[in-house]
Amino acid sequence: MNQKTICIIVIDVLMTILMLGLMAYLLIGEAAHEWMGIAIFVLFIAHHGLNLHWHKNLFKGRYTPLRILQTVLDVLLLVFMVGSMISGIMMSQVFSFLQITHGMAYARIVHMLTSYWGFALTGMHAGLHWPMVMGMMKKAMHIKKTSHVRTVILRILAALAVLYGAYAFGENDIGSYMFLRTQFVFFDIEQPLVLFFVEYMAMMAMWGIIAYYIGKCLSGIQAKRRRSDETR
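Conventions and cut-offs
Residues numbered from 1 in each chain as written. Predicted model: local features only at pLDDT ≥ 70, side-chain atom pairs only at ≥ 80, totals over all residues. Heavy atoms only, no water. Helix = DSSP H or I, 4+ residues; strand = E, 2+ residues; numbered from the N terminus. Contact = heavy atoms within 4.5 Å. Areas by Shrake-Rupley, 256 points an atom, 1.4 Å probe, with all protein chains shown as cover. Lys, Arg positive; Asp, Glu negative; His and termini not counted. Charge placed at Lys NZ, Arg CZ, Asp CG, Glu CD. Core = buried A, V, L, I, M, F, W, Y, C linked by side-chain atoms within 4.5 Å. Buried < 20%, exposed > 50% of the residue type's maximum accessible area, 1.4 Å probe, protein only. Patch = residues over 30% accessible without salt bridge, like charges linked within 9 Å, V, L, I, M, F, W, Y side chains within 5 Å. Salt bridge = Lys/Arg side-chain N within 4 Å of Asp/Glu carboxyl O.

Draft legend 1. How the structure looks around the overall build of the protein chain. If you tally the helices and strands in the protein chain, you get 10 helices and 0 strands. Starting at the N terminus and ending at the C terminus, the protein chain contains elements arranged as α-α-α-α-α-α-α-α-α-α. Across its three principal axes, the protein chain shows a C-alpha extent of roughly 65 × 40 × 35 Å. Taking the contacts inside the protein chain whose residues are at least 6 apart along the sequence as the reference set, 78% of them involve residues at least 24 apart. Entry remark: accessible area of the protein chain is about 14,600 Å², with carbon and sulfur atoms responsible for 70%. Side chains of the protein chain carry 19 positive and 11 negative charges; the gap between the two charge centres is 22 Å.

Here's what the structure looks like:
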């Protein structure tokens, strides 16, 4: 892998770790939350700077069903991330010198909404790009053959992640935050931080796995259409 690809992977991994940390707002403290938010803001800019080709090619080429899905999710993720950052800055103590005094109640609701949707879309974004990531990892590790045993183990782990992620999603009432059925986030302050991260990692994995298999189905449909067109 070239240096640019390595930088992209490192930045994406750091952003994912920070995203998980940001979701633990009351468990890590307000100050840590704000500085982690600033860090992810810097990495977010770097991520888009290293992926300028995506912006340049947005209106070029053919849009297959898979590319449409990827583009819609990417644009939504961009919108929600920007919304989360702007609303976070409005409420931030670090940026208090900006003297923003209006719209705090609105900013808090927007921040909650964009944070939870951004979290889910981050998982889906990773899932749709997982084949590319695995391809780069196999190339870096010089893996040429697919192990049947490894595939079975990974599928079992994926199934367990989806099941536990679905449980955690319901147990933490995440749907209420995503659809504004409530405007206040509940945290169990007695919950061990490790368990919190396990639950949120499972939820992120759940979104990623769902997106991965949706993308796989769309790729299969596109491949069948291509073969059908070739035989005509």
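Draft legend 2. Seen up close, the nonpolar core. By size, the foremost hydrophobic cluster in this structure holds 38 residues, and its most contacted members are Met81, Tyr116, Phe119 and Tyr200. Of all the elements in the fold, those that place two or more residues in this core are α1 (3–23), α3 (30–50), α5 (65–91), α6 (104–128), α9 (174–178) and α10 (193–230). With 8 residues, the single largest contributor to this core is α10.

Draft legend 3. View of a positive patch on the surface. Together, Arg62, Lys224, Arg225, Arg226 and Arg227 make up a positively charged patch on the protein surface. Looking at the element boundaries, Arg226 is found in helix α10.

Draft legend 4. Seen up close, the environment of Thr16. One can find Thr16 in helix α1. The exposure class assigned to Thr16 is partly exposed, which follows from its relative accessible area of 27%. Taking the C-alpha atoms as reference, Thr16 lies 15 Å from Asp74; in sequence the two are 58 residues apart.

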